[in-house]
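The lines below spell out each chain.
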Amino acid sequence: MFYEKKDSYKIIRELTYHIGNVGVDLQNKNQNSQDIDIASFTYNDAKYIRKQMQVNNEELYFLYIYLNLFTKNKKELEYVLNKIEGIIQSKGMQTRRAYFRQEQAFLSCMPLMNNHEDIKEVSKRNILTQGLVSTYPFISSSIFDENGIFIGTNIYNNSLVFIDRYNTNKYKNANISIFGTSGAGKSFYTKLLILRNRLLGIEQYVIDPDREYNNICKNLGGTMLKIGPTSSTYINIFDIRKESIEENEKGYLATKIGKLIGFFNLIFGEMDEEEKAIMEDKLIECYAQKGITFDDESLYKTENEKITITKIFKSSKDMPILEDLYNILDKDPKTKVLKTKLIPFIKGSLKFFNQYTNVKIDNNFIIADVYELGEENLQYGMYIFTELFWDKIKINRKVKKAIYLDEIWRLIGVTSNKNVASFIYKIFKTIRKYGGSAVAITQDISDLFSLENGIYGKSILNNTSIKTFFSLEEENIKILAQYSNLSEKEKVEIKSLKRGECLMFAGENHILTKIEANDFEKEIINKI
């Protein structure tokens, strides 16, 4: 394709001369003349072009388009030529074969920037700036962020989609929502995001309830943390970490108790205000037994190293565990019922929760596998790891990071509680100031909006700048439409999307996108 800009002054002068001559001819000619329609057509065209150039400051170009077709034999070449000509002519465009000028057309298609004079006169077409822009292969209403990662192609025009979710000038936050039915492609898309962000050195933490990320963790050199009956890795829910509050802030124990109330709400069911007050009192007593109080200095211990005395933050071994709380609850008649509900965690099938943390987490790519917990206990593991990853995210504001919450409905849906849902919402609302991105992934739309009339699901959806909708059932689309600005056309599009296709909201842009990956990426994602 060649674009040749023309002199605007000269063109307007020639158009004016042409309009004057043809206008006179139109007045003098008989209306039944054979060429009256053609003359009238060119007259109106010339007036339109002149108006666009004078009023809208458009430029006039000559556009040249050459197509080279290659095949191995003459019969196949004729077939391909006819096919291409049929496609082009069906769009209302004219074609002309380069008889006796094949060499010149071939040379014009070479990367030599040489538009051969022998074919220019035959192939040129007038085009204004607005029309010229539409001929450029990669320009459309798609998203092309300069420092973004490749997502896929626009379904309508094959233009490339690049998104830099950390671009604070363009997006209010870096959060992403990924919705879709099973098999629609949301897991593959998530793994692709992880892979491409891994290459950029971005810290990534994944909550994996369905054991879908083992392969990519292994292939990308990540750390796998498992919690379950057969696991040898443990996380203590009572751990207070140094990074749980920011530097120069105070209130380690108060912050931790708020999180623990949410966790025990999952175990005991929704506690009333009296039960919460009693539980808080028992938690304070539990930490006091380990010498930890509301004074932040109580979380430090001193070690003598030859001459100097060093203050270090207490480790997991210095923290209480569930059994300590169990013993405290056992002493008070008011909390006997609560103690009974803790028995599986102390003596039964869930006793792996009653352990000190025994893993060091220094990798910047971590997968938390909670698959072995089963449906009923999954939310406990998801909550523990979410809290752990949230503390890691707050360490350094200057480092880009992301947390992926697969099947997030378990933490903010009807099986959860207000305290846990509020904690998850807080992550989505504040992660931006830590240089982070929270990613919500789910296929259960109805469950996502089931707690407190959908308040938390809606809040999280509203706090994601990039929303990705894969194929959904009609019932889920109706629910989603209540909480997002889906048009009627977009509702139909979501329902008819094929595997690997999605409707993407990125800021103010709404585009249909086909997720693209090369063979090497597919091999990394799927390789066992």
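Thresholds applied
- Residues numbered from 1 in each chain as written.
- Predicted model: local features only at pLDDT ≥ 70, side-chain atom pairs only at ≥ 80, totals over all residues.
- Heavy atoms only, no water.
- Helix = DSSP H or I, 4+ residues; strand = E, 2+ residues; numbered from the N terminus.
- Rg over C-alpha atoms; globule rule 2.2 N^0.38 Å.
- Contact = heavy atoms within 4.5 Å.
- Areas by Shrake-Rupley, 256 points an atom, 1.4 Å probe, with all protein chains shown as cover.
- Lys, Arg positive; Asp, Glu negative; His and termini not counted.
- Charge placed at Lys NZ, Arg CZ, Asp CG, Glu CD.
- Axes fitted to C-alpha atoms, helices over the stretch in contact; angles between N-to-C directions.
- Left-handed = near helix turned anticlockwise from the far one by under 90°.
- Nonpolar A, V, L, I, M, F, W, Y, C, P; charged D, E, K, R; others polar.
- Salt bridge = Lys/Arg side-chain N within 4 Å of Asp/Glu carboxyl O.
- Buried < 20%, exposed > 50% of the residue type's maximum accessible area, 1.4 Å probe, protein only.
- Phe/Tyr/Trp six-rings, centres within 6.5 Å; stacked < 30°, edge-to-face > 60°.
- Lys NZ or Arg CZ within 6 Å of the ring centre and 35° of its normal.
- Pairing = 2+ DSSP bridges.
- Core = buried A, V, L, I, M, F, W, Y, C linked by side-chain atoms within 4.5 Å.
- Parallel < 35°, antiparallel > 145°, perpendicular 65-115°, else oblique.
- Polar contact = N/O pair within 3.5 Å; in protein donor to acceptor, adjacent residues only side chain to side chain.

A separate point is the overall build of the protein. Within the protein, the regular secondary structure consists of 21 helices and 16 strands. In terms of overall dimensions, the protein is more spread out than a globule: its C-alpha atoms have a radius of gyration of 33 Å, far above the 24 Å expected for 528 residues. Contacts spanning at least 24 positions in sequence make up 70% of the contacts within the protein whose residues lie at least 6 apart. Of the roughly 28,100 Å² that the protein leaves accessible, carbon and sulfur atoms contribute 50%. One way to put it: in the protein the 73 positive side-chain charges average out to a point 3 Å from where the 70 negative ones average out.

With that settled, the discussion passes to the packing of helix α19 (residues 474–483) against helix α20 (residues 488–495). Remark: α19 packs on α20, axes separated minimally by 10 Å, with the N-to-C direction vectors making an angle of 145°. As for the relative orientation of α19 and α20, their crossing is right-handed in sense. Contacts between α19 and α20 pair Glu474, Ile477 and Ala481 from the former with Lys491, Ile494 and Lys495 from the latter. Classifying every residue of the contact of α19 with α20 by side-chain character gives three nonpolar, no polar and three charged.

Turning our eyes to something else, we now look at the pattern of salt bridges. Per the counting criterion, the structure on display carries 24 salt bridges. Among the ionic pairs, Asp330 bridges to Lys339, the shortest N-O distance being 3.2 Å. On the accessibility criterion, Asp330 (31% relative accessible area) is partly exposed. Lys339 gets classed as buried once you look at its relative accessible area, which sits at 15%. Here the residues in one salt-bridge network are Glu4, Lys6, Glu117 and Lys120, joined through shared partners.

As a further point, take the packing of aromatic side chains. With the rule as written, the count across this model stands at 23 aromatic pairs. Pairing Phe353 with Tyr380 gives two aromatic rings, centres 6.3 Å apart and planes at 85°, and the pair type is edge-to-face. Of the two residues, Phe353 is situated in the loop between α13 (343–346) and β11 (365–369) and Tyr380 in helix α14 (residues 374–393); the sequence distance between them amounts to 27 residues. The same class applies to Phe353 as to Tyr380, namely buried. Every member of this aromatic cluster is reached through a ring pair, and the members are Phe238, Phe263, Phe264, Phe268, Tyr287, Phe345, Phe352, Phe353, Tyr380, Tyr383 and Phe423. Over the ring of Tyr213 we find Lys191; its NZ or CZ atom is 5.8 Å from the centre of that ring. Lys311 extends its terminal NZ or CZ atom over the ring of Tyr300, reaching a point 5.4 Å from the ring centre.

Quick look at the environment of Ser446 now. Note that Ser446 resides in helix α17 (residues 445–448). By relative accessible area, Ser446 is classed as partly exposed at 34%. Counting along the chain gives 33 residues from Ser446 to Gly413, while the straight-line C-alpha distance between them is 8.7 Å. Excluding its chain neighbours within four sequence positions, the residues that come into contact with Ser446 are Asn476 and Ile479.

Right, let's talk about the sheet that holds strand β2 (residues 60–64) for a bit. Reading across from one edge, β1-β2-β3 is the order of the three strands in this open sheet, with antiparallel pairing throughout. Every other strand in the sheet has two partners, leaving β1 (2–5) and β3 (125–128) as the edge strands with one partner each. Strand after strand, the sheet turns through a mean of 35° between neighbouring axes, direction not considered. Taken together, the four bridges between β1 and β2 define a ladder with antiparallel strand orientation. What sits directly across from Phe2, in β2, is Tyr64. Helix α2 (residues 36–55) rests against β2 and β3 of the sheet, and its axis sits at about 40° to β3.

This part takes up the nonpolar core. The biggest cluster of nonpolar side chains holds 92 residues, and the ones touching the most others in it are Phe238, Phe264, Met279, Leu342, Phe353, Phe385 and Ile424. Those residues in contact with Leu342 that lie beyond four places of it in its chain are Phe264, Ile267, Phe268, Leu322, Leu325, Tyr326 and Leu329. Counting 38 residues, the second largest nonpolar core, distinct from the first, contains Leu193, Ile194, Phe365 and Val439.

Spatially, the 11 strands line up as an open sheet ordered β5-β4-β16-β15-β14-β6-β13-β12-β7-β11-β8, and their pairing is mixed. Looking at which strands have only one partner, the edges of the open sheet turn out to be β5 (160–163) and β8 (223–226). Direction aside, neighbouring strands of the sheet carry axes that sit 25° apart on average. Where strand β7 (residues 203–208) meets β11, five bridges bridge the pair, whose relative direction is parallel.

Helix packing geometry: the angle between the two helix axes and the distance between the axes. Contact geometry of helix α9 (residues 252–268) with helix α16 (residues 418–430) gives a least axis separation of 7 Å together with a crossing angle of 130°. As far as their axial angle goes, α16 and α9 are oblique. In this structure, α9 crosses over α16, and the sense of that crossing is left-handed. Across the interface between the two elements, Lys259, Ile261, Gly262, Asn265 and Leu266 of α9 pack against Asn419, Val420 and Phe423 of α16. Residue composition of the contact of α9 with α16, grouped by class: four nonpolar, three polar and one charged.

To continue, consider unusual backbone geometry. A positive phi angle, near 50°, is found at Arg211, a position not held by glycine. With respect to the secondary-structure elements, Arg211 resides in the loop between β7 and α8 (214–219). Residue class for Arg211 comes out partly exposed when judged on its relative accessible area of 29%. Its identity as a non-glycine residue notwithstanding, Glu452 has a phi of 55°, on the positive side.

So, on to the side chain of Ser484. Mapped onto the elements, Ser484 comes out in the loop between α19 and α20. On the accessibility criterion, Ser484 (13% relative accessible area) is buried. At a separation of 2.9 Å, a polar atom in the side chain of Ser484 contacts the main-chain carbonyl oxygen of Leu480.

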